[in-house]
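Listed here are the chains, written in short residue letters.
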Amino acid sequence: MAAPPNQARRRGALSPDILFDVLLRFPAKELCRLRAVCRAWFSLTTDPLFVRAHAARHRSPLLVARFRDDDGEVHVHVVDLSGTTVKRIAGAGSDHQLLCTNLDLACLATRWNTCLVLDPATAATHALPRYPVLGDPNREELYKPATYFAFGRAPATGEYKVLRMFNRPEPYSGDTDQLLDMFTINGSGNAQWRVMSRDFFVEARSAVVVGGAVYFLMNGVYFPKKRATVNSGIPPDYVASLDIETEEWRRELQGPISGSLDTNDADDRKEYISLWYQLALGELKGSLVLANHRGCQFVLDLWFLIDFEKGLWVKEYSIETQSIVQSPSDEYLMKPLLVLGDGRLVIYTELTGRLLICDPETDTCTFVEMRQLDSIAIYTGSLLSLPRE
C-alpha cells in the first residue's frame, strides 16, 4: 500500500541537522534566493545561530563599492575581492559617496550636508536630518560650505554615531572656520545633532575610525590660522583623535616621520613639505595606520600605532609601488584597507579609483579587475541579516 503523499514527502525530506549543514555550504548570495523556497528554509537561514555559523564558515572579505553600471547610473554594490558583485543596491544615494568605514553598516554623504546610513543586508537606508545645524534652526545657510562626515560605533554601548564637520569661509577675511556636531543613530525620531567643541582645525577628509575613536591628520593651513610651512609649528603627520563614546577630544599624537627630518637640510626640508600631500590614515588589524607614499622613490610605508599613550609607532611594511605607478609625478594617495589571511594587503588608490593587492613577500602589486571605483568601504556584517528593529 502506497504511503500518503504528505508522509512520502516527510520520508524524503532532509533532517534539520543535515539541512543546516547543506545550506551552510552555500554562499550568501544564493542563500538569499533559497529563502523563498519555503517557510522552513526561510526560518532556518534567518536564525541568528545559522547566520553566525555561516559568517564563521565564509570568511572571505566583502566590500561595499560604488561605481557606474552599464546603464550609466552609479549604484552601490557588495563585491568580493575577485571584483564579482554579490549584491547590487540600486538607488542608494545616487549622488552620495561612501565613507571608508569598517562596519556592518555603511554611510554615504555629500559635501552639501546630506548623509544617509545604509544596511547592505536589507538595502534599508536611514537619512539623517540636515537641520538644526549646530543646535540653531536658523543656521540653514551652513549647508552651502563643504561638509564632511565620519561614521563609527561606540564599543561599550554599540551605538552608531555620525560626526559632521562644516568648513565655513569667513566673509572678507580669507580664513575658514570649522564647526562640528554629532548625531546618534538610535532609531527614534527625536534624535538631534549635538554641538561639538574644539580649538583646532582638522583635515576633515582624512578621517578614519579605529575602534572607538575618529582620527584625523591636522590641517596646518588653519592651525592657528597660519599657512602650512615648516615653521608653522604643526607637523604634517600630527594626528588628532575624538572618542566616539564620550564625544571628547583626546590628546594629539606626534607622527613617526617628521620628527626625524632636519628642516635646515635642503633635502629633508623638501621631504617635510611633500608629506602634506602624500599621507593618508587607515585601519589594519585593529590599529591606526599612517600611510606615506613616497612617490619619487616608488615606496609605500605603513606605520602602525601600537601604543597610543606612549605615542609609539612601528613601520611594519615598506612596499615597492613602481609596478603600478606610471611616474613619480603621479599623486597616488593610497589608503590601506585590509590585511588578508595570507599576509597580502588590500589598498585603495583614491585618485584613480583602483583596488590593488600587494604581496610584501614578493614586493609585487596587482590590480583587482573591477570598474573604476567612486568610493569604497569594508563590510563586516552578514548579508543574511534581517532588518534591524
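Under the annotation held in an unreviewed UniProt entry, the protein chain carries the name F-box domain-containing protein and is attributed to Urochloa decumbens.

Attention shifts here to the pairing of strand 8 (residues 124–127). Sheet topology places strand 7 (residues 115–119) next to strand 8; 4 bridges connect them, and they run antiparallel. Counted as the bridge partner of leucine 118 is threonine 125 from strand 8. Counted along the chain from strand 7 to the antiparallel partner strand 8, the turn is 4 residues long, and its residue alanine 123 has a positive phi close to 70°.

Now for the sheet that holds strand 8. By definition, the strands of a sheet pair up through backbone hydrogen bonds, in either a parallel or an antiparallel sense. Pairing in this open sheet of 4 strands is antiparallel, and the strands run 4-6-7-8 from one edge to the other. Bordering the open sheet on either side are strand 4 (97–98) and strand 8, each of which pairs with just one other strand. Pairing analysis gives 4 bridges linking strand 6 (residues 106–109) to strand 7, with the strands arranged antiparallel. The partner of leucine 108 across the bridge, within strand 7, is leucine 116.

This part is about the packing of aromatic side chains. Under the criterion given, the structure shown has 5 aromatic pairs. Taking the centre distance of 5.6 Å and the plane angle of 20° together, the rings of phenylalanine 151 and tyrosine 160 count as stacked. For the residue pair phenylalanine 151 and tyrosine 160, the accessibility class agrees, reading buried in each case. For the pair phenylalanine 183 and tryptophan 193, a centre-to-centre distance of 5.1 Å together with 50° between the ring planes defines the contact as tilted. Taken together, the positions of phenylalanine 183 in strand 11 (residues 176–185) and tryptophan 193 in the loop between strand 11 and strand 12 (194–196) put the pair 10 residues apart, joining distant regions of the chain. A relative accessible area of 5% means that tryptophan 193 is categorised as buried. Lying over the aromatic face of tryptophan 193, arginine 164 brings its terminal NZ or CZ to 3.8 Å of the ring centre. Here the basic side chain of arginine 250 rests over the ring of phenylalanine 308, its NZ or CZ set 4.0 Å away from the ring centre.

Here we take up the state of the cysteines. In total, this model carries 1 disulfide according to the counting rule given. At a sulfur-sulfur separation of 2.4 Å, the disulfide partner of cysteine 358 is cysteine 365. Negative torsions about the S-S bond denote left-handed disulfides, and the value of about 105° found for cysteine 358 with cysteine 365 makes this one right-handed. The closest cysteine sulfur to the non-disulfide-bonded cysteine 115 is located on cysteine 107, 3.4 Å from its own sulfur.

For the structure on display, the rule yields 9 salt bridges. A salt bridge links glutamate 247 to arginine 194; the shortest N-O distance between them is 2.5 Å. Of this pair, glutamate 247 sits in the loop between strand 15 (239–243) and strand 16 (248–249) while arginine 194 sits in strand 12; the two residues are 53 residues apart in sequence, bridging distant segments of the chain. By relative accessible area, glutamate 247 is classed as buried at 19%. Under the relative-accessibility criterion, arginine 194 is labelled partly exposed at 29%. Of the charged contacts in the structure, one is a salt bridge between aspartate 301 and arginine 294, with a shortest N-O distance of 2.8 Å.

Relative to each other, helix 2 (residues 16–24) and helix 5 (residues 48–57) sit at 40°, their axes nearing to 10 Å. By the angle class used here, helix 2 and helix 5 are oblique. Handedness of the crossing formed by helix 2 with helix 5: right-handed. On helix 5, the residues touching Phe20, Leu23 and Leu24 of helix 2 are Leu49, Phe50, Ala53, His54 and Arg57.

Here we take up the sheet that holds strand 14 (residues 213–217). Strand order in the open sheet formed by 4 strands is 13-14-15-16, and the pairing between neighbours is antiparallel. Looking at the sheet topology across the chains shown, the edges are occupied by strand 13 (208–210) and strand 16. Of the pairings in the sheet, the one linking strand 15 to strand 16 comprises 2 bridges and is antiparallel in character. Among the inter-strand pairings, aspartate 243 is bridged to a residue of strand 16, identified as glutamate 248.

With a phi angle near 65°, asparagine 113 is a residue other than glycine that sits in the positive phi range. Take asparagine 113: it is sitting in the loop between strand 6 and strand 7. A positive phi angle, close to 55°, is found at lysine 285, a residue other than glycine. Looking at the secondary structure, you find lysine 285 in the loop between strand 17 (279–284) and strand 18 (287–294). The class of lysine 285 is exposed, set by a relative accessible area of 54%.

Glancing now at the nonpolar core. Counting residues in hydrophobic clusters, the biggest one holds 25 residues, and the most contacted among them are Phe50, Val64, Val76, Leu118 and Leu383. In terms of residue count, the dominant contributor to this core is helix 2 (3 residues). In contact with leucine 118, other than residues within four places in its own chain, are Val76, Ile89, Ala92, Leu105, Ala106, Leu108, Ala123, Ala124 and Thr125. In terms of nonpolar packing, the next biggest core, distinct from the first, is built from 22 residues, Leu180, Met182, Met196 and Val214 among them.

Conventions we followed
Residues numbered from 1 in each chain as written. Predicted model: local features only at pLDDT ≥ 70, side-chain atom pairs only at ≥ 80, totals over all residues. Heavy atoms only, no water. Pairing = 2+ DSSP bridges. Helix = DSSP H or I, 4+ residues; strand = E, 2+ residues; numbered from the N terminus. Phe/Tyr/Trp six-rings, centres within 6.5 Å; stacked < 30°, edge-to-face > 60°. Buried < 20%, exposed > 50% of the residue type's maximum accessible area, 1.4 Å probe, protein only. Lys NZ or Arg CZ within 6 Å of the ring centre and 35° of its normal. Disulfide = S-S within 2.5 Å. Salt bridge = Lys/Arg side-chain N within 4 Å of Asp/Glu carboxyl O. Axes fitted to C-alpha atoms, helices over the stretch in contact; angles between N-to-C directions. Parallel < 35°, antiparallel > 145°, perpendicular 65-115°, else oblique. Left-handed = near helix turned anticlockwise from the far one by under 90°. Contact = heavy atoms within 4.5 Å. Core = buried A, V, L, I, M, F, W, Y, C linked by side-chain atoms within 4.5 Å.

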